[in-house]
Amino acid sequence: MKASDGGARQSAKTNALRMLDTAGIKYETVEYEVDESDLSGTHAAKISGIDPDLMFKTLVCRNERGEISVFVIPVNEELDFKKCARAAGCKSVSMIKQSELLGVTGYIRGGCSPVGMKKKFPTYIDELSELYDFIYVSAGQRGLQMKVSSSELTAYTEAKVAPLTA
């Protein structure tokens, strides 16, 4: 784990990390070897030695009106679409297609961060994040996680905390 007084080593500096630096938000980074055959968050938590309860994944959905929302939940949990729709104040949400992810967010599958997307989307973080002083989320590329204060992440992303998992 690398402490950030400027973040990760220069070659691993991502847009998400630069944005946290600019905002004065402290973080630490954890790098791990990416297994292209298993991009799941639980696998990433296991190989990086992070408690899966502390590692959160970023999922991008579209509602019935075509509007994009971002949901951040623990890697070992499943999204509850009805709870997400309720949190977002709409009738329904569904995951965007993987082929759309890069164009919509600027990130690829396995490296999608709630910080630094192409546009600012409404963001929702699962209430389980409030159980911890810090959580891990993608730092914006595969194989790189950032450990950040859960409350600072929520504030920075202007996220609403809500029950989002099944």
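As shown above, the structure is provided for reference.
The model shown is predicted, which means the values in this text are computed figures rather than measured ones. (Residues numbered from 1 in each chain as written. Predicted model: local features only at pLDDT ≥ 70, side-chain atom pairs only at ≥ 80, totals over all residues. Heavy atoms only, no water.)

Here we take up helix α4 (residues 98-105). Buried within α4 we find L101, V104 and T105. Across the axial projection of α4, the buried residues extend over an arc of 90°, all falling on one side. More than 90 degrees from the buried face of α4, the exposed residues found are S99 and G103. Close packing links the buried residues of α4 with β3 (56-63) and β4 (68-74). Phi turns positive one or two residues past the end of α4, at G106, with a value near 90°. (Buried < 20%, exposed > 50% of the residue type's maximum accessible area, 1.4 Å probe, protein only. Helix = DSSP H or I, 4+ residues; strand = E, 2+ residues; numbered from the N terminus. Arc of directions from axis to C-beta. Contact = heavy atoms within 4.5 Å.)

Now for the pattern of salt bridges. Counted according to the given criterion, the structure contains six salt bridges. In this structure, K147 and E28 form a salt bridge, with 3.9 Å as the shortest nitrogen-oxygen distance. With K147 in strand β8 (residues 144-149) and E28 in strand β2 (residues 27-31), the pair connects residues that are 119 residues apart, well separated along the chain. R65 is paired through a salt bridge with E67; the nearest N and O atoms lie 3.0 Å apart. Using a relative accessible area of 40% as the deciding quantity, one classes E67 as partly exposed. (Salt bridge = Lys/Arg side-chain N within 4 Å of Asp/Glu carboxyl O.)

Approximately 180 Å³ is the volume found for the second largest pocket. Residue lining of the second largest pocket: M19, V70, P114, V115, G116, M117, K119, K120, F121, T123, Y156 and T157, and that is the complete set. Of the residues assigned to the lining of the second largest pocket, the class counts are seven nonpolar, three polar and two charged. (1 Å grid on protein atoms, 1.4 Å probe; cavity = no way out; pocket = protein on both sides within 12 Å on 5 of 7 lines; lining within 4 Å. Points joined across faces, edges and corners; volume = space filled by probe spheres on them. Nonpolar A, V, L, I, M, F, W, Y, C, P; charged D, E, K, R; others polar.)

Turning our eyes to something else, we now look at the state of the cysteines. A full pass over the atoms with the stated rule returns zero disulfides. Just so you know, C61 is unpaired, no disulfide at all, and the nearest cysteine sulfur is the one on C84, 6.0 Å from it. Among the residues examined, C61 registers a relative accessible area of 0% and is labelled buried. For C90, which is in no disulfide, the shortest distance to another cysteine sulfur is to C84 and amounts to 9.0 Å. (Disulfide = S-S within 2.5 Å.)

Another point: unusual backbone geometry. Its identity is not glycine, yet E158 carries a phi of approximately 55°, on the positive side. Relative accessible area serves as the criterion here: at 61%, E158 is assigned to the exposed category.

Strand order in this open sheet of five strands is β5-β3-β4-β6-β9, and the pairing throughout is mixed. Whereas interior strands pair on both sides, the edge strands pair on one side only; in this sheet they are β5 (93-95) and β9 (160-162). Neighbour to neighbour, the strand axes of the sheet diverge by 35° on average, direction disregarded. Examined bridge by bridge, strand β6 (residues 123-126) and β9 share three bridges and lie parallel to one another. When the bridges of β9 are listed, I125 appears paired with V161. (Pairing = 2+ DSSP bridges. Axes fitted to C-alpha atoms, helices over the stretch in contact; angles between N-to-C directions.)

Listed in full, the buried residues belonging to helix α5 (residues 150-157) are S150, L153, T154 and T157. Buried residues of α5, seen end-on, are gathered within an arc of 100° and therefore sit on one face of the element. Opposite its buried face, α5 presents the exposed residues S151 and A155, each directed more than 90 degrees away. Phi turns positive one or two residues past the end of α5, at E158, with a value near 55°.

Shape descriptors only; they carry no functional weight alone.
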